[in-house]
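Single-letter residue listing:
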Amino acid sequence: MASVLVLNGPNLGRLGSREPDVYGSQDLVALEALLVADVEAMNLPEPVTVDLRQTNDEAELISWLYEAVDTKTPVILNPAAFTHYSYALRDAAALVTKAGVELVEVHISNPHARETFRHTSVISGIATGVIAGFGFGSYRLALRAVLAL
Ligand code: DQA
């Protein structure tokens, strides 16, 4: 069965209560349900599993990217604050796209409309594509993109 990894970085485990004015009031459980429903509604020729994970640990996130390389599983990645400074995460994400596996960087908010430090992404340069600013819609659009590719 094909699957899509939906990887979430630090503090995204607090969605629902974390800055709802910026990130909305729904949590990762609701996001997973939304993505699973989207896949079902697509009536794909073969079943696709949505494997949604969250960690505050950079090393764990990197190990999940290695897993994506080894299993050739496409990735939807919200690197959260690691976006802006983690060269280690960038190098691991580069392994994914250099292996010919899609990796879409997503953000719930539009980082470019926020503080200056959020305007830099060290991930975007090696991502297959970037979707930001559509709330959970960013993940839903990314899911459509990876399944279409
Ligand atoms: C975020 C934007 C980042 O700047 C921030 O550090 C996050 C969430 C987003 O989804 O909008 O944690 O990646």
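Residues numbered from 1 in each chain as written. Predicted model: local features only at pLDDT ≥ 70, side-chain atom pairs only at ≥ 80, totals over all residues. Heavy atoms only, no water.

Draft legend 1. Representation of the site of the ligand. Around the ligand lies a shell formed by Arg18, Tyr23, Asn78, Ala80, Ala81, His84, His107, Ile108, Ser109, Arg114 and Arg118. Histidine 107 has a polar side-chain atom sitting 2.8 Å from an oxygen atom of the ligand. The side chain of serine 109 places a nitrogen or oxygen atom 2.6 Å from an oxygen atom of the ligand. Isolated, the ligand exposes 320 Å² of accessible area, and the fraction of that covered by the protein chains is 99%. Among the residues making up the shell around the ligand, the classes are represented as 4 nonpolar, 4 polar and 3 charged. (Near = heavy atom within 4 Å. Polar contact = N/O pair within 3.5 Å; in protein donor to acceptor, adjacent residues only side chain to side chain. Areas by Shrake-Rupley, 256 points an atom, 1.4 Å probe, with all protein chains shown as cover. Nonpolar A, V, L, I, M, F, W, Y, C, P; charged D, E, K, R; others polar.)

Draft legend 2. Structural detail: the packing of helix α3 (residues 58-71) against helix α4 (residues 87-98). Two elements in contact, α3 and α4, have axes separated by 8 Å at closest approach and are oriented at 10°. Between α3 and α4, the angle is such that the two are roughly parallel. Of α4, the residues touching α3 (which contributes Glu58, Leu61, Ile62, Leu65, Tyr66, Ala68 and Val69) are Ala88, Leu89, Ala92, Ala93, Leu95 and Val96. Class assignment of the residues belonging to the contact of α3 with α4 gives a composition of 12 nonpolar, no polar and 1 charged. (Axes fitted to C-alpha atoms, helices over the stretch in contact; angles between N-to-C directions. Helix = DSSP H or I, 4+ residues; strand = E, 2+ residues; numbered from the N terminus. Parallel < 35°, antiparallel > 145°, perpendicular 65-115°, else oblique. Contact = heavy atoms within 4.5 Å.)

Draft legend 3. Summary view of the packing of helix α2 (residues 28-42) against helix α5 (residues 137-148). Running from amino to carboxyl end, α2 crosses α5 at an angle of 40°, the nearest separation of the two axes being 10 Å. In terms of axis orientation, α2 runs oblique to α5. Two packed elements cross with a definite hand, and for α2 against α5 that hand is right-handed. Residues Leu31, Leu34, Leu35, Asp38, Val39 and Met42 of α2 touch α5, and the partners they reach there are Tyr139, Arg140, Leu143, Arg144 and Leu147. Partitioning the contact of α2 with α5 into residue classes produces 8 nonpolar, no polar and 3 charged. (Left-handed = near helix turned anticlockwise from the far one by under 90°.)

Draft legend 4. Expanded view of the sheet that holds strand β1 (residues 2-8). Spatial ordering of the open sheet is given by β2-β1-β3-β4-β5, a layout of 5 strands whose pairing is parallel. Looking at strand neighbours, the two that pair on one side only are β2 (48-54) and β5 (129-132), the edges of this open sheet. When strand polarity is set aside, the average angle formed by the axes of neighbouring strands in this sheet is 20°. By the bridge criterion, 3 bridges tie strand β3 (residues 75-78) to strand β4 (residues 103-107) in an arrangement that is parallel. Across the sheet, valine 75 pairs through a bridge with leucine 103, a residue of β4. Lying over the sheet, α3 contacts β1, β2, β3 and β4, oriented at roughly 160° with respect to β1. (Pairing = 2+ DSSP bridges.)

Draft legend 5. Geometry of the pattern of salt bridges. With the rule as written, the count across this model stands at 5 salt bridges. Arginine 140 is paired through a salt bridge with aspartate 38; the nearest N and O atoms lie 2.8 Å apart. You can see arginine 140 sitting in helix α5 and its partner aspartate 38 sitting in helix α2, a full 102 residues away along the chain. Connected through shared salt-bridge partners, Asp51, Arg53 and Glu67 make up one network. (Salt bridge = Lys/Arg side-chain N within 4 Å of Asp/Glu carboxyl O.)

Draft legend 6. Representation of the packing of aromatic side chains in the model. Tallying each qualifying case throughout the model produces 2 aromatic pairs. Ring geometry for phenylalanine 82 and tyrosine 85: centres 6.1 Å apart, planes at 70°, overall edge-to-face. According to the relative accessible area criterion, phenylalanine 82 is buried, its value standing at 6%. A ring pair is formed by phenylalanine 136 and tyrosine 139, whose centres lie 6.2 Å apart and whose planes are at 85°; its orientation type is edge-to-face. The exposure classification of phenylalanine 136 matches that of tyrosine 139, with both residues buried. (Phe/Tyr/Trp six-rings, centres within 6.5 Å; stacked < 30°, edge-to-face > 60°. Buried < 20%, exposed > 50% of the residue type's maximum accessible area, 1.4 Å probe, protein only.)

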